[in-house]
Amino acid sequence: MEQTQLQAVWEQILTKMKETLAESAFKWFKSVKPISLTATGLVLSAQNDLVKDWITSHYLTIIEDAVGAVLGSKRKVDFLVLPSVQPEPEPEPAKPEKDADSTQDTKEAKEAAGHSSRKKEDPNQGTLFQEQPPAPVDNGDMHIVAPGDRSSLNPKYTFETFVTGSSNRFAHAAAMAVAESPGKVYNPFFMYGGVGLGKTHLMHAIGNRVLQNHPEMRVLYVSSEQFTNEIIRAIQEGKAELFRQKYRTIDVLMVDDIQFLSGKQSTQEEFFNTFNALHVADKQIILSSDRPPREVQKLEDRLRSRFEGGLITDIQAPDLETRIAILKNKALLDHVDVPNDVLMFIANRIDSNIRELEGALTRVVAYASLINKPVTTDVVAEALKDVFPNSHKKEVTLEVIQEIVATYFKIRIEDLHSKKRTRSIAFPRQIAMYLCRELTDTSLPQIGNFFGGRDHTTVLHAYDKIAKEREENAKLHKIIKDLIESIQKM
Ligand SMILES: Nc1ncnc2c1ncn2[C@@H]1O[C@H](COP(=O)(O)OP(=O)(O)OP(=O)(O)O)[C@@H](O)[C@H]1O
(Lines give C-alpha, C1' and ligand atoms only; values in the text may rest on other atoms or scores of the structure.)
Protein backbone atom coordinates (compact mmCIF):
# COMPACT_ATOMS: atom_id res chain seq x y z
CA MET A 1 0.00 0.00 0.00
CA GLU A 2 1.26 3.50 -0.88
CA GLN A 3 2.31 5.78 1.94
CA THR A 4 -0.49 8.25 1.23
CA GLN A 5 -3.08 5.47 1.16
CA LEU A 6 -1.74 4.05 4.39
CA GLN A 7 -1.88 7.45 6.05
CA ALA A 8 -5.45 7.96 4.80
CA VAL A 9 -6.51 4.59 6.23
CA TRP A 10 -4.88 5.44 9.56
CA GLU A 11 -6.75 8.73 9.67
CA GLN A 12 -10.04 6.90 9.12
CA ILE A 13 -9.12 4.56 11.95
CA LEU A 14 -8.37 7.53 14.21
CA THR A 15 -11.69 9.12 13.32
CA LYS A 16 -13.44 5.88 14.18
CA MET A 17 -11.60 5.68 17.50
CA LYS A 18 -12.73 9.21 18.34
CA GLU A 19 -16.26 7.85 18.64
CA THR A 20 -15.14 5.80 21.63
CA LEU A 21 -12.17 7.61 23.10
CA ALA A 22 -12.12 10.73 25.22
CA GLU A 23 -10.36 13.72 23.68
CA SER A 24 -7.71 13.59 26.42
CA ALA A 25 -6.71 10.04 25.46
CA PHE A 26 -5.77 11.25 22.00
CA LYS A 27 -2.61 12.86 23.26
CA TRP A 28 -1.11 9.35 23.28
CA PHE A 29 -1.63 9.03 19.54
CA LYS A 30 -0.01 12.30 18.52
CA SER A 31 3.26 10.73 17.49
CA VAL A 32 1.92 7.34 16.40
CA LYS A 33 2.42 6.64 12.70
CA PRO A 34 1.32 3.74 10.50
CA ILE A 35 4.24 1.64 9.32
CA SER A 36 2.65 -1.16 7.38
CA LEU A 37 -0.69 -2.79 6.71
CA THR A 38 -1.14 -6.32 5.44
CA ALA A 39 -4.03 -8.75 5.18
CA THR A 40 -3.35 -9.90 8.72
CA GLY A 41 -1.73 -7.06 10.62
CA LEU A 42 -1.24 -3.36 11.15
CA VAL A 43 2.12 -2.14 12.44
CA LEU A 44 2.27 1.26 14.10
CA SER A 45 5.25 3.21 15.40
CA ALA A 46 5.61 4.51 18.93
CA GLN A 47 8.31 6.98 19.87
CA ASN A 48 9.29 5.10 23.02
CA ASP A 49 8.42 2.13 25.22
CA LEU A 50 6.31 4.31 27.45
CA VAL A 51 3.91 5.27 24.68
CA LYS A 52 3.86 1.72 23.36
CA ASP A 53 3.11 0.20 26.77
CA TRP A 54 0.45 2.71 27.66
CA ILE A 55 -1.38 2.38 24.37
CA THR A 56 -1.21 -1.40 24.29
CA SER A 57 -2.39 -1.73 27.86
CA HIS A 58 -5.22 0.81 27.54
CA TYR A 59 -6.34 1.17 23.95
CA LEU A 60 -5.40 -1.93 21.98
CA THR A 61 -8.92 -3.32 21.77
CA ILE A 62 -10.28 0.07 20.75
CA ILE A 63 -7.71 0.31 17.95
CA GLU A 64 -8.42 -3.24 16.80
CA ASP A 65 -12.16 -2.60 16.78
CA ALA A 66 -11.70 0.61 14.80
CA VAL A 67 -9.44 -1.22 12.33
CA GLY A 68 -12.11 -3.89 11.95
CA ALA A 69 -14.81 -1.29 11.37
CA VAL A 70 -12.77 0.62 8.78
CA LEU A 71 -11.27 -2.35 6.90
CA GLY A 72 -14.10 -4.80 7.26
CA SER A 73 -12.00 -7.40 9.05
CA LYS A 74 -9.90 -7.44 12.20
CA ARG A 75 -6.09 -7.23 12.07
CA LYS A 76 -3.46 -7.87 14.66
CA VAL A 77 -2.05 -4.53 15.80
CA ASP A 78 1.64 -4.36 16.67
CA PHE A 79 3.96 -1.55 17.66
CA LEU A 80 7.52 -0.81 16.65
CA VAL A 81 9.45 1.47 18.96
CA LEU A 82 11.19 3.94 16.65
CA PRO A 83 12.66 6.72 18.77
CA SER A 84 13.95 9.00 16.05
CA VAL A 85 14.49 6.66 13.18
CA GLN A 86 12.36 7.82 10.30
CA PRO A 87 11.11 4.78 8.44
CA GLU A 88 12.25 4.36 4.87
CA PRO A 89 10.67 2.50 1.99
CA GLU A 90 11.28 -1.22 2.34
CA PRO A 91 14.50 -2.02 0.52
CA GLU A 92 14.89 -4.91 -1.84
CA PRO A 93 14.42 -8.18 0.01
CA ALA A 94 17.45 -8.27 2.27
CA LYS A 95 20.02 -10.85 1.25
CA PRO A 96 21.36 -12.26 4.48
CA GLU A 97 25.04 -11.40 4.59
CA LYS A 98 27.56 -14.00 5.48
CA ASP A 99 28.90 -11.57 7.99
CA ALA A 100 28.69 -12.64 11.61
CA ASP A 101 27.42 -9.25 12.77
CA SER A 102 24.68 -9.05 10.23
CA THR A 103 23.10 -12.27 11.35
CA GLN A 104 23.45 -11.49 15.00
CA ASP A 105 20.31 -10.08 16.60
CA THR A 106 21.87 -7.39 18.71
CA LYS A 107 20.27 -6.12 21.87
CA GLU A 108 20.13 -2.58 20.49
CA ALA A 109 18.58 -3.79 17.27
CA LYS A 110 15.91 -5.58 19.21
CA GLU A 111 15.32 -2.54 21.38
CA ALA A 112 14.99 -0.29 18.39
CA ALA A 113 12.96 -2.66 16.31
CA GLY A 114 10.47 -3.85 18.90
CA HIS A 115 8.43 -6.54 17.14
CA SER A 116 10.44 -6.43 13.98
CA SER A 117 10.92 -10.18 14.00
CA ARG A 118 7.69 -10.25 11.98
CA LYS A 119 9.49 -8.28 9.34
CA LYS A 120 12.32 -10.77 9.27
CA GLU A 121 9.98 -13.68 8.62
CA ASP A 122 8.66 -11.95 5.54
CA PRO A 123 10.73 -9.03 4.37
CA ASN A 124 8.18 -8.08 1.74
CA GLN A 125 5.37 -7.79 4.22
CA GLY A 126 3.73 -4.36 4.04
CA THR A 127 5.15 -1.15 2.67
CA LEU A 128 7.12 1.22 4.80
CA PHE A 129 6.56 4.89 4.13
CA GLN A 130 9.06 7.67 4.09
CA GLU A 131 9.17 11.06 5.74
CA GLN A 132 11.65 13.87 5.14
CA PRO A 133 14.62 13.30 7.46
CA PRO A 134 15.13 16.24 9.82
CA ALA A 135 18.90 16.10 9.98
CA PRO A 136 21.30 16.57 7.10
CA VAL A 137 22.60 13.03 7.53
CA ASP A 138 19.77 10.53 7.32
CA ASN A 139 19.91 7.74 9.87
CA GLY A 140 19.79 5.18 7.14
CA ASP A 141 22.17 6.92 4.77
CA MET A 142 24.89 4.43 4.04
CA HIS A 143 26.56 6.41 1.25
CA ILE A 144 30.30 6.72 1.19
CA VAL A 145 31.16 10.30 2.17
CA ALA A 146 32.51 12.15 -0.87
CA PRO A 147 35.73 14.19 -0.68
CA GLY A 148 34.89 17.78 0.27
CA ASP A 149 31.31 16.87 1.26
CA ARG A 150 30.14 19.46 3.79
CA SER A 151 26.61 18.22 4.17
CA SER A 152 27.07 16.98 7.74
CA LEU A 153 28.50 20.34 8.84
CA ASN A 154 26.82 23.54 9.95
CA PRO A 155 28.53 26.33 7.98
CA LYS A 156 27.78 28.81 10.78
CA TYR A 157 29.80 26.90 13.34
CA THR A 158 33.30 28.14 12.59
CA PHE A 159 36.30 29.28 14.62
CA GLU A 160 35.51 32.82 13.52
CA THR A 161 32.10 32.75 15.21
CA PHE A 162 33.39 31.04 18.37
CA VAL A 163 34.03 33.42 21.27
CA THR A 164 36.85 32.43 23.58
CA GLY A 165 37.24 33.05 27.29
CA SER A 166 38.94 31.36 30.20
CA SER A 167 36.29 28.62 30.19
CA ASN A 168 37.03 27.34 26.68
CA ARG A 169 40.40 28.75 25.68
CA PHE A 170 42.28 25.48 25.94
CA ALA A 171 39.62 23.48 24.07
CA HIS A 172 39.56 26.13 21.36
CA ALA A 173 43.36 26.13 20.97
CA ALA A 174 43.50 22.34 20.84
CA ALA A 175 40.66 22.25 18.31
CA MET A 176 42.53 24.72 16.10
CA ALA A 177 45.66 22.56 16.28
CA VAL A 178 43.67 19.46 15.32
CA ALA A 179 42.02 21.33 12.45
CA GLU A 180 45.36 22.48 11.09
CA SER A 181 46.96 19.01 11.25
CA PRO A 182 44.25 16.38 11.21
CA GLY A 183 45.43 12.95 12.34
CA LYS A 184 48.85 14.29 13.33
CA VAL A 185 48.70 16.02 16.70
CA TYR A 186 45.98 14.94 19.10
CA ASN A 187 44.29 11.74 18.11
CA PRO A 188 41.68 11.10 19.36
CA PHE A 189 40.66 14.56 20.48
CA PHE A 190 38.08 14.29 23.26
CA MET A 191 36.05 17.29 24.47
CA TYR A 192 33.71 17.18 27.38
CA GLY A 193 31.50 19.67 29.18
CA GLY A 194 27.93 20.55 30.17
CA VAL A 195 24.96 21.06 27.88
CA GLY A 196 25.13 23.90 25.38
CA LEU A 197 28.69 24.97 26.06
CA GLY A 198 30.04 24.79 22.51
CA LYS A 199 31.32 21.23 21.99
CA THR A 200 29.30 20.71 18.83
CA HIS A 201 30.22 24.17 17.60
CA LEU A 202 33.93 23.39 17.97
CA MET A 203 33.57 20.04 16.23
CA HIS A 204 31.92 21.65 13.21
CA ALA A 205 34.53 24.41 13.29
CA ILE A 206 37.24 21.77 12.98
CA GLY A 207 35.39 20.08 10.12
CA ASN A 208 34.85 23.37 8.29
CA ARG A 209 38.49 24.38 8.71
CA VAL A 210 39.78 20.99 7.57
CA LEU A 211 37.72 21.16 4.40
CA GLN A 212 38.83 24.72 3.79
CA ASN A 213 42.47 23.57 3.93
CA HIS A 214 41.92 20.13 2.38
CA PRO A 215 38.94 20.01 0.04
CA GLU A 216 40.00 16.49 -0.91
CA MET A 217 39.31 15.11 2.56
CA ARG A 218 36.28 13.14 3.69
CA VAL A 219 34.81 14.67 6.82
CA LEU A 220 31.81 13.35 8.72
CA TYR A 221 30.01 14.65 11.80
CA VAL A 222 27.45 12.33 13.44
CA SER A 223 25.68 12.30 16.76
CA SER A 224 26.18 9.05 18.64
CA GLU A 225 22.46 8.47 18.18
CA GLN A 226 22.83 8.63 14.39
CA PHE A 227 25.82 6.33 14.60
CA THR A 228 23.85 3.82 16.67
CA ASN A 229 20.84 4.02 14.37
CA GLU A 230 23.02 3.42 11.33
CA ILE A 231 24.57 0.35 12.90
CA ILE A 232 21.17 -1.03 13.79
CA ARG A 233 19.86 -0.48 10.30
CA ALA A 234 23.01 -1.87 8.74
CA ILE A 235 22.59 -5.04 10.76
CA GLN A 236 18.87 -5.33 10.15
CA GLU A 237 19.16 -4.72 6.43
CA GLY A 238 22.28 -6.78 5.85
CA LYS A 239 24.40 -3.72 5.02
CA ALA A 240 27.16 -4.20 7.57
CA GLU A 241 29.82 -4.12 4.87
CA LEU A 242 28.48 -0.87 3.45
CA PHE A 243 28.49 0.61 6.91
CA ARG A 244 32.15 -0.30 7.33
CA GLN A 245 33.09 1.06 3.94
CA LYS A 246 31.39 4.32 4.79
CA TYR A 247 33.03 4.75 8.18
CA ARG A 248 36.46 3.40 7.37
CA THR A 249 37.10 5.65 4.41
CA ILE A 250 36.68 8.85 6.40
CA ASP A 251 39.60 11.20 7.09
CA VAL A 252 38.03 13.12 9.97
CA LEU A 253 35.28 11.42 11.96
CA MET A 254 33.44 13.37 14.64
CA VAL A 255 31.04 11.63 16.99
CA ASP A 256 29.04 13.88 19.31
CA ASP A 257 27.66 13.03 22.75
CA ILE A 258 29.30 9.62 23.02
CA GLN A 259 27.95 9.22 26.56
CA PHE A 260 24.88 7.86 24.79
CA LEU A 261 26.86 4.79 23.74
CA SER A 262 26.67 3.81 27.38
CA GLY A 263 25.38 0.26 27.79
CA LYS A 264 25.02 -0.31 24.03
CA GLN A 265 27.34 -3.25 23.71
CA SER A 266 27.10 -4.07 20.03
CA THR A 267 27.34 -0.42 19.05
CA GLN A 268 30.41 -0.06 21.22
CA GLU A 269 31.96 -3.08 19.58
CA GLU A 270 31.42 -1.72 16.09
CA PHE A 271 32.62 1.68 17.23
CA PHE A 272 35.75 0.09 18.64
CA ASN A 273 36.47 -1.56 15.29
CA THR A 274 35.84 1.67 13.41
CA PHE A 275 38.01 3.56 15.86
CA ASN A 276 40.91 1.16 15.46
CA ALA A 277 40.71 1.07 11.68
CA LEU A 278 40.81 4.86 11.49
CA HIS A 279 43.40 5.32 14.19
CA VAL A 280 45.83 2.86 12.66
CA ALA A 281 45.50 4.73 9.38
CA ASP A 282 46.21 8.08 11.15
CA LYS A 283 42.76 9.38 10.43
CA GLN A 284 41.48 11.98 12.87
CA ILE A 285 38.84 11.03 15.44
CA ILE A 286 37.07 13.71 17.46
CA LEU A 287 34.67 12.87 20.26
CA SER A 288 32.49 14.81 22.63
CA SER A 289 30.68 13.89 25.79
CA ASP A 290 29.03 15.55 28.75
CA ARG A 291 31.64 13.96 31.05
CA PRO A 292 35.21 12.64 30.90
CA PRO A 293 35.72 9.08 29.58
CA ARG A 294 36.29 7.57 33.02
CA GLU A 295 32.88 8.82 34.15
CA VAL A 296 30.90 7.45 31.23
CA GLN A 297 29.00 4.54 32.69
CA LYS A 298 28.89 1.15 31.04
CA LEU A 299 31.61 1.94 28.58
CA GLU A 300 33.92 -0.92 27.68
CA ASP A 301 37.35 -0.51 29.23
CA ARG A 302 39.11 -0.93 25.90
CA LEU A 303 37.11 2.01 24.48
CA ARG A 304 37.70 4.09 27.58
CA SER A 305 41.43 3.53 27.36
CA ARG A 306 41.42 4.40 23.62
CA PHE A 307 39.63 7.65 24.41
CA GLU A 308 42.11 8.43 27.14
CA GLY A 309 45.00 7.78 24.77
CA GLY A 310 44.63 11.14 23.02
CA LEU A 311 44.01 14.65 24.27
CA ILE A 312 41.14 15.22 26.67
CA THR A 313 39.95 18.75 27.27
CA ASP A 314 37.01 20.19 29.10
CA ILE A 315 34.80 23.20 28.44
CA GLN A 316 33.49 24.99 31.48
CA ALA A 317 30.50 27.28 31.84
CA PRO A 318 31.50 30.75 30.61
CA ASP A 319 32.11 33.58 33.05
CA LEU A 320 30.05 36.78 32.86
CA GLU A 321 32.53 38.55 30.64
CA THR A 322 32.51 35.71 28.08
CA ARG A 323 28.71 35.49 28.20
CA ILE A 324 28.45 39.17 27.37
CA ALA A 325 31.01 38.76 24.57
CA ILE A 326 29.00 35.84 23.13
CA LEU A 327 25.81 37.91 23.18
CA LYS A 328 27.60 40.85 21.55
CA ASN A 329 28.93 38.57 18.87
CA LYS A 330 25.49 37.13 18.19
CA ALA A 331 23.92 40.59 18.02
CA LEU A 332 26.61 41.59 15.55
CA LEU A 333 26.09 38.50 13.39
CA ASP A 334 22.33 39.07 13.41
CA HIS A 335 22.82 42.76 12.58
CA VAL A 336 20.88 43.97 15.60
CA ASP A 337 21.78 46.79 17.92
CA VAL A 338 21.38 45.80 21.54
CA PRO A 339 22.46 48.15 24.37
CA ASN A 340 25.09 46.92 26.80
CA ASP A 341 22.82 47.07 29.84
CA VAL A 342 20.44 44.69 28.08
CA LEU A 343 23.25 42.28 27.24
CA MET A 344 24.37 42.47 30.86
CA PHE A 345 20.82 41.86 32.08
CA ILE A 346 20.48 38.69 30.01
CA ALA A 347 24.01 37.46 30.73
CA ASN A 348 23.38 37.87 34.44
CA ARG A 349 20.28 35.72 34.35
CA ILE A 350 21.52 32.81 32.23
CA ASP A 351 24.83 31.56 33.40
CA SER A 352 25.36 27.99 32.35
CA ASN A 353 23.99 27.25 28.89
CA ILE A 354 25.02 29.24 25.83
CA ARG A 355 22.17 27.82 23.77
CA GLU A 356 19.69 29.32 26.24
CA LEU A 357 21.68 32.54 26.35
CA GLU A 358 21.44 32.92 22.58
CA GLY A 359 17.80 31.84 22.56
CA ALA A 360 16.96 34.54 25.09
CA LEU A 361 18.56 37.24 22.96
CA THR A 362 16.69 36.04 19.87
CA ARG A 363 13.39 36.14 21.74
CA VAL A 364 14.06 39.59 23.15
CA VAL A 365 14.87 41.05 19.75
CA ALA A 366 11.81 39.39 18.16
CA TYR A 367 9.56 40.60 20.97
CA ALA A 368 10.82 44.20 20.78
CA SER A 369 10.28 44.25 17.05
CA LEU A 370 6.76 42.82 17.38
CA ILE A 371 5.65 45.41 19.89
CA ASN A 372 7.62 48.03 18.02
CA LYS A 373 9.64 49.27 20.97
CA PRO A 374 13.38 49.69 21.49
CA VAL A 375 15.21 46.91 23.31
CA THR A 376 15.35 48.07 26.94
CA THR A 377 15.74 46.08 30.15
CA ASP A 378 12.00 46.54 30.80
CA VAL A 379 11.18 45.00 27.45
CA VAL A 380 13.65 42.19 28.19
CA ALA A 381 12.04 41.44 31.54
CA GLU A 382 8.65 41.31 29.86
CA ALA A 383 9.85 39.24 26.91
CA LEU A 384 11.63 36.70 29.07
CA LYS A 385 9.18 36.26 31.88
CA ASP A 386 7.75 33.18 30.22
CA VAL A 387 10.77 31.90 28.41
CA PHE A 388 13.56 31.71 30.92
CA PRO A 389 14.40 28.15 32.00
CA ASN A 390 11.45 26.38 33.58
CA SER A 391 9.05 28.16 31.27
CA HIS A 392 7.25 24.81 30.98
CA LYS A 393 6.37 24.95 34.62
CA LYS A 394 2.87 26.30 34.30
CA GLU A 395 1.71 23.71 31.81
CA VAL A 396 2.90 20.65 33.70
CA THR A 397 0.57 19.23 36.34
CA LEU A 398 1.32 16.83 39.18
CA GLU A 399 -1.25 14.43 37.71
CA VAL A 400 0.58 14.22 34.39
CA ILE A 401 3.87 13.60 36.18
CA GLN A 402 2.37 10.80 38.22
CA GLU A 403 0.73 9.25 35.17
CA ILE A 404 3.95 9.24 33.17
CA VAL A 405 6.11 7.95 36.02
CA ALA A 406 3.64 5.22 36.98
CA THR A 407 3.42 4.06 33.37
CA TYR A 408 7.17 4.09 32.91
CA PHE A 409 7.79 1.99 36.00
CA LYS A 410 4.75 -0.18 35.37
CA ILE A 411 3.15 0.54 38.74
CA ARG A 412 -0.27 1.95 39.62
CA ILE A 413 -0.85 5.62 40.37
CA GLU A 414 -2.37 4.53 43.71
CA ASP A 415 1.02 3.01 44.58
CA LEU A 416 2.57 6.46 44.41
CA HIS A 417 0.08 7.66 47.03
CA SER A 418 0.35 4.56 49.18
CA LYS A 419 2.50 3.94 52.25
CA LYS A 420 4.36 1.09 50.51
CA ARG A 421 8.11 1.40 50.94
CA THR A 422 9.47 -1.40 48.77
CA ARG A 423 12.11 -0.10 46.39
CA SER A 424 10.06 -0.86 43.29
CA ILE A 425 7.47 1.64 44.55
CA ALA A 426 9.52 4.02 46.70
CA PHE A 427 12.07 4.76 43.97
CA PRO A 428 9.53 5.77 41.28
CA ARG A 429 7.74 7.78 43.96
CA GLN A 430 10.93 9.69 44.74
CA ILE A 431 11.51 10.31 41.05
CA ALA A 432 7.95 11.58 40.69
CA MET A 433 8.44 13.93 43.66
CA TYR A 434 11.72 15.12 42.18
CA LEU A 435 10.01 15.88 38.86
CA CYS A 436 7.13 17.67 40.58
CA ARG A 437 9.60 19.99 42.25
CA GLU A 438 11.76 20.38 39.16
CA LEU A 439 8.98 20.99 36.65
CA THR A 440 6.27 22.82 38.59
CA ASP A 441 5.96 25.76 40.96
CA THR A 442 4.16 23.65 43.55
CA SER A 443 5.46 24.02 47.11
CA LEU A 444 7.06 21.13 49.00
CA PRO A 445 4.10 20.74 51.43
CA GLN A 446 1.65 20.71 48.49
CA ILE A 447 3.69 18.04 46.74
CA GLY A 448 3.86 16.03 49.98
CA ASN A 449 0.12 16.31 50.31
CA PHE A 450 -0.41 15.15 46.76
CA PHE A 451 1.63 12.02 47.43
CA GLY A 452 -0.66 10.58 50.07
CA GLY A 453 -0.24 13.28 52.74
CA ARG A 454 3.54 13.09 53.18
CA ASP A 455 5.63 15.60 55.06
CA HIS A 456 7.53 18.25 53.08
CA THR A 457 10.84 16.95 54.48
CA THR A 458 10.15 13.64 52.75
CA VAL A 459 9.77 15.47 49.45
CA LEU A 460 12.96 17.42 50.07
CA HIS A 461 14.83 14.25 50.91
CA ALA A 462 13.54 12.58 47.72
CA TYR A 463 14.52 15.61 45.66
CA ASP A 464 18.08 15.78 47.05
CA LYS A 465 18.57 12.05 46.71
CA ILE A 466 17.44 11.84 43.09
CA ALA A 467 19.30 15.03 42.14
CA LYS A 468 22.51 13.53 43.51
CA GLU A 469 21.99 10.12 41.94
CA ARG A 470 21.15 11.74 38.62
CA GLU A 471 24.54 13.45 38.66
CA GLU A 472 26.33 10.19 39.32
CA ASN A 473 24.33 7.68 37.37
CA ALA A 474 24.09 8.12 33.59
CA LYS A 475 21.30 5.59 33.26
CA LEU A 476 19.13 7.40 35.79
CA HIS A 477 20.01 10.69 34.12
CA LYS A 478 18.77 9.30 30.81
CA ILE A 479 15.58 7.93 32.36
CA ILE A 480 14.80 11.31 33.90
CA LYS A 481 15.56 13.10 30.65
CA ASP A 482 13.18 10.77 28.80
CA LEU A 483 10.50 11.22 31.45
CA ILE A 484 10.80 15.01 31.26
CA GLU A 485 10.57 14.83 27.49
CA SER A 486 7.43 12.71 27.69
CA ILE A 487 5.89 14.99 30.33
CA GLN A 488 6.57 18.11 28.33
CA LYS A 489 5.06 16.58 25.21
CA MET A 490 1.76 16.01 27.01
N1 LIG B 1 32.11 30.13 22.75
C2 LIG B 1 31.05 30.26 21.96
N3 LIG B 1 30.97 31.29 21.10
C4 LIG B 1 29.89 31.47 20.32
N5 LIG B 1 28.82 30.66 20.32
C6 LIG B 1 28.86 29.61 21.15
C7 LIG B 1 29.95 29.35 22.01
N8 LIG B 1 29.72 28.24 22.72
C9 LIG B 1 28.51 27.81 22.34
N10 LIG B 1 27.99 28.63 21.39
C11 LIG B 1 26.69 28.48 20.75
O12 LIG B 1 25.81 27.91 21.70
C13 LIG B 1 24.94 26.97 21.08
C14 LIG B 1 25.10 25.63 21.78
O15 LIG B 1 26.41 25.14 21.52
P16 LIG B 1 26.71 23.61 21.15
O17 LIG B 1 25.54 23.01 20.45
O18 LIG B 1 28.02 23.57 20.47
O19 LIG B 1 26.78 23.00 22.61
P20 LIG B 1 27.14 21.53 23.08
O21 LIG B 1 28.18 21.68 24.12
O22 LIG B 1 27.46 20.68 21.91
O23 LIG B 1 25.77 21.09 23.73
P24 LIG B 1 25.11 19.64 23.89
O25 LIG B 1 25.73 19.05 25.10
O26 LIG B 1 23.66 19.97 24.08
O27 LIG B 1 25.37 18.85 22.66
C28 LIG B 1 25.32 26.94 19.62
O29 LIG B 1 24.46 27.78 18.90
C30 LIG B 1 26.73 27.52 19.59
O31 LIG B 1 27.00 28.18 18.38
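The model shown is predicted, which means the values in this text are computed figures rather than measured ones.

Draft legend 1. Highlighting the pattern of salt bridges. Counted under the stated rule, the structure contains 21 salt bridges. Asp 334 is paired through a salt bridge with Lys 330; the nearest N and O atoms lie 3.0 Å apart. We classify Asp 334 as partly exposed; its relative accessible area is 39%. On the basis of relative accessibility, which here comes to 17%, the residue Lys 330 falls in the buried class. Across the pair Asp 415 and Lys 420 runs a salt bridge whose closest N-O atoms are separated by 3.0 Å.

Draft legend 2. Here's a closer look at the UniProt feature "binding site: ATP" (unreviewed entry) in the protein chain. Taken from the UniProt record, the annotation "binding site: ATP" (unreviewed entry) applies to Gly 196, Gly 198, Lys 199 and Thr 200. Within the element layout of this structure, Gly 196 appears in the loop between β4 (189-193) and α8 (199-213). For Gly 196, a relative accessible area of 13% corresponds to the buried category. Discounting chain neighbours no more than four positions away, the residues touching Gly 196 are Asn 353, Ile 354 and Arg 355. Looking at the element boundaries, Thr 200 is found in helix α8. When near neighbours in sequence (up to four residues on either side) are disregarded, Thr 200 contacts Tyr 157, Tyr 221 and Asp 256.

Draft legend 3. Region of the structure containing the packing of helix α9 (residues 224-236) against helix α10 (residues 240-248). The N-to-C vectors of α9 and α10 enclose an angle of 145°; their axes lie 8 Å apart at closest approach. For α9 against α10, the interelement crossing comes out right-handed. Where α9 approaches α10, its residues Phe 227, Glu 230, Ile 231 and Ala 234 are matched on the opposing element by Ala 240, Phe 243, Lys 246 and Tyr 247. Here the contact of α9 with α10 is built from residues that sort into 6 nonpolar, no polar and 2 charged.

Draft legend 4. The arrangement of the nonpolar core in detail. Within the largest apolar cluster, 57 residues are counted, with the highest numbers of intra-cluster contacts made by Trp 10, Met 17, Phe 29, Ile 55, Ile 63, Ile 401 and Leu 435. Per-element accounting of this core gives the leading share, 9 residues, to helix α19 (residues 423-439). For this core, the domains that each give at least three residues are domain 1 (3-81) and domain 4 (398-488). Core analysis: the second largest hydrophobic core is formed by 48 residues, Leu 211, Val 338, Ala 347 and Val 364 among them.

Draft legend 5. Here's a closer look at the packing of α10 against helix α11 (residues 265-280). α11 packs onto α10 with a crossing angle of 40° between their chain directions and a minimal axis gap of 10 Å. Considering the angle they form, α10 stands oblique to α11. Handedness of the α10/α11 crossing: right-handed. On α11, the residues that touch Phe 243, Arg 244, Tyr 247 and Arg 248 of α10 are Glu 270, Asn 273, Thr 274, Ala 277 and Leu 278. A class-by-class count of the residues in the contact of α10 with α11 yields 4 nonpolar, 2 polar and 3 charged.

The rules behind each value
- Residues numbered from 1 in each chain as written.
- Predicted model: local features only at pLDDT ≥ 70, side-chain atom pairs only at ≥ 80, totals over all residues.
- Heavy atoms only, no water.
- Salt bridge = Lys/Arg side-chain N within 4 Å of Asp/Glu carboxyl O.
- Buried < 20%, exposed > 50% of the residue type's maximum accessible area, 1.4 Å probe, protein only.
- UniProt positions renumbered as here; feature names shortened; annotations may be inferred.
- Helix = DSSP H or I, 4+ residues; strand = E, 2+ residues; numbered from the N terminus.
- Contact = heavy atoms within 4.5 Å.
- Axes fitted to C-alpha atoms, helices over the stretch in contact; angles between N-to-C directions.
- Left-handed = near helix turned anticlockwise from the far one by under 90°.
- Nonpolar A, V, L, I, M, F, W, Y, C, P; charged D, E, K, R; others polar.
- Core = buried A, V, L, I, M, F, W, Y, C linked by side-chain atoms within 4.5 Å.
- Domains from an automatic or database assignment.
- Parallel < 35°, antiparallel > 145°, perpendicular 65-115°, else oblique.

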